[in-house]
Amino acid sequence: MRIATPVALVTAAALLPLTAPAAHAAGPLSPRAERVARQTLAPDDGWAAHEGGTTGGSAAKPADVHVVRDWAQLRAALSDPDSTPRIVAVDGTIHAAEGPDGQAPTCADYADPAYDKEAYLATYDPAHYTEAEITGPLEEARQRSARNQAESISVDIGSNTTLIGLGDDARIVGASITIRDADNVIVRNLAFESPRDCFPHWEPGEWNAEYDGLTVRNSTHVWVDHNEFSDGAHPDSANEEHWGYEYQVHDGLLDVVDGSDLVTLSYNVFADHDKTMLIGNTDRPDRDRGRLRVTLHHNRFDNILQRAPRVRYGQVHVYNNHYVVPAAPEGEKEYVYSWGVGVESMIYARNNRFDLGEGIEPAQVVRAWGGTAIDEANTLVNGVSRWHRVDLLAAHNAAHDPDLGSDVGWRPERSGRVDPAASVAAKVGAHAGTGRIL
């Protein structure tokens, strides 16, 4: 989705679209699109600039530059098993698993013949099903159905790849995209509508969904820039309720997990979602300790209820981000927190801005999840009549026990310009999201 911004703040150059020749299903980019698609991360732009930097597919030969317009073309362009540099440019909207007729499968198309949702809900209702674990033919059929969907909507991105959208309307809808076991990947200028899990699984006390819009898994040197992430046509407000709990069909928008490292997330928009971003998804240190080094800057988090981000282990630099946290309409889920201080997490936060809706207190912004410290300063939070600096760590400690400390044991070595917090809303509003790569 596009966040509305004052027209005066957006330069004409920023709105110039990337274009591909309309007559080609796959072929060369326009000269300007080629230049942008071959851009590399600046040498001072956060963690992904360390240890050799991030260049993606900038060295791709002409034969390895692909313009794709449907699911089959996207999968084919990303599927080569080697590490040959490649550029994959998305033209228009691609729906996950869409067929030659342009139609994408429904949940009914993925369902195993033995799966019946209503029978499943009746059989395993905790009101009468007392086993600790759900087992039996209907659960096995749900698992087969889930595998059908996963195989249909999933695609991996390998090393030395740039995935980029053309123009201001490039979208990938309902796909589970994973940067997996890769090094040196760039993803830019795409709107991701997160996938809807047709077959969420029950864990005592909640329904859990699979699939993120984008996952960085066991990968290094990744730059995710000028994208938009949301639930699109399937917001959480439309979810059903079963067994007294929300039937959750969404997982995260963008997660960085499983030993990933050296990642920069810049000028993205994350909107209208609950559990948005994990940096580290387990409290076990065997793969994550010493890794999960991530930079987030100039992103907009709009109506995000929690995990923006929730961090375990990583040295995470969070600066110049704009958080818009409206009060929840009656009957809808309420804001939980933004910065999750998880096990051995080391968040260094500077010059961020929060717009908190009525009834939302600064003490809610930070939430402790087993961590012990966060280094936070120069945060602007809305006041009654003016913007003012708020010590979010002090606000947390005044309202919660035990206290969090402020010493995270490190300071960022590389970052681009750190803007004054007072200018963050204007700069992020003018430049974050799709269609704005200069």
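Reading guide: rules and limits
- Residues numbered from 1 in each chain as written.
- Predicted model: local features only at pLDDT ≥ 70, side-chain atom pairs only at ≥ 80, totals over all residues.
- Heavy atoms only, no water.
- Helix = DSSP H or I, 4+ residues; strand = E, 2+ residues; numbered from the N terminus.
- pLDDT = per-residue confidence, 0-100.
- Contact = heavy atoms within 4.5 Å.
- Pairing = 2+ DSSP bridges.
- Axes fitted to C-alpha atoms, helices over the stretch in contact; angles between N-to-C directions.
- Buried < 20%, exposed > 50% of the residue type's maximum accessible area, 1.4 Å probe, protein only.
- Arc of directions from axis to C-beta.
- Polar contact = N/O pair within 3.5 Å; in protein donor to acceptor, adjacent residues only side chain to side chain.
- Disulfide = S-S within 2.5 Å.

Quick look at the environment of Y115
Argument step 1. Structurally, Y115 is set in the loop between helix 3 (107–110) and helix 4 (117–123).
Argument step 2. Considered as a pair, Y115 and S145 are 30 residues apart in the sequence and their alpha carbons are 7.4 Å apart.

So, the confidence of the model for the chain
Argument step 1. When pLDDT is averaged across the chain, the result is 91; 92% of the residues are at 70 or more.
Argument step 2. In this model, residues 1–26 is a region of pLDDT below 50 whose contacts with residues beyond four sequence positions or in other chains number 57 contacts.

Observations concerning the sheet that holds strand 24 (residues 315–319)
Argument step 1. In spatial order, the strands read 1-2-5-8-13-18-21-24-27-30; together these 10 strands make up an open sheet with parallel pairing. Of all strands in the sheet, those bounded by a partner on one side alone are strand 1 (65–68) and strand 30 (374–377). Averaged over all adjacent pairs, the angle separating strand axes in this sheet is 10°, with direction ignored.
Argument step 2. Each of strand 1, strand 2 (86–90) and strand 5 (161–165) is contacted by helix 2 (residues 71–78), which is oriented at about 165° to strand 2, the strand it contacts most.

Focus on the environment of I94
Argument step 1. Relative to the elements of secondary structure, I94 occurs in strand 3 (residues 93–95).
Argument step 2. Residue I94 is classed as buried on the basis of its relative accessible area of 0%.
Argument step 3. Between the C-alpha atom of I94 and that of A175, which follows or precedes it by 81 residues, the distance is 9.0 Å.
Argument step 4. Discounting residues that sit within four places of it in the chain, I94 has contacts with V68, R69, D70, W71, L74, R171, I172 and V173.

Here's the deal with helix 7 (residues 424–431)
Argument step 1. Those residues of helix 7 not exposed but buried are V424, A425, V428, G429 and A430.
Argument step 2. Buried residues belonging to helix 7 abut strand 22 (300–306), strand 25 (322–325) and strand 28 (353–356).
Argument step 3. Once helix 7 finishes, G433 follows within two positions and takes phi at roughly 100°, a positive value.

What about helix 2?
Argument step 1. All of the buried residues along helix 2 are W71, L74, A77 and L78. Projected down its long axis, helix 2 shows its buried positions confined to an angular sector of 135°, all on one face.
Argument step 2. Capping the start of helix 2 is the job of one residue whose side-chain oxygen sits 3.3 Å from the backbone nitrogen of A72: D70.

Details of the side chain of N184
Argument step 1. Mapped onto the elements, N184 comes out in strand 8 (residues 183–188).
Argument step 2. Among the residues examined, N184 registers a relative accessible area of 7% and is labelled buried.
Argument step 3. Engagement of the side chain of N184 in a polar contact is seen with the backbone nitrogen of T55, the distance being 2.6 Å.
Argument step 4. Look past the residues within four positions of N184 in its chain and what remains in contact with it is G53, T54, T55, G56, S159, N160, T161, T220 and H221.

Focus: the state of the cysteines
Argument step 1. Applying the stated criterion across every chain yields a total of 1 disulfide.
Argument step 2. A disulfide bridge connects C107 with C198, and the sulfur atoms are separated by 2.0 Å. Its S-S torsion of about -75° marks the bond between C107 and C198 as left-handed, since a negative value means left-handed. Placement of C107 in helix 3 and of C198 in the loop between strand 9 (191–193) and strand 10 (201–203) is noted, with a sequence separation of 91 residues between them.

Observations concerning the side chain of H242
Argument step 1. Relative to the assigned elements, H242 resides in strand 15 (residues 241–242).
Argument step 2. Setting aside residues up to four positions removed in sequence, H242 forms contacts with K117, L121, W207 and Y247.

Focus: the pairing of strand 26 (residues 339–342)
Argument step 1. Going residue by residue along strand 26, you find W339 and V341 tucked away on one face and G340 and G342 tucked away on the opposite face as well.
Argument step 2. As paired strands, strand 23 (residues 310–311) and strand 26 are joined by 2 bridges and run parallel to one another. Paired with R310 across the two strands is G340, which belongs to strand 26.

Things to note about the environment of P62
Argument step 1. Among the secondary structure elements, P62 is positioned in the loop between helix 1 (31–37) and strand 1.
Argument step 2. The class for P62 is exposed, based on a relative accessible area of 72%.
Argument step 3. Put simply, P62 and L29 are 33 residues apart on the chain and 9.6 Å apart in space, counted from C-alpha to C-alpha.

Quick word on unusual backbone geometry
Argument step 1. At the junction of A308 and P309, the peptide bond is cis and its omega measures out at 0° in the coordinates.
Argument step 2. Within the element layout of this structure, P309 appears in the loop between strand 22 and strand 23.
Argument step 3. For the bond running from D401 to P402, omega is -5°, close enough to zero to count as cis.
Argument step 4. Mapping P402 onto the fold places it in the loop between helix 6 (392–399) and helix 7.
Argument step 5. Even without being a glycine, H298 presents a positive backbone phi close to 55°.

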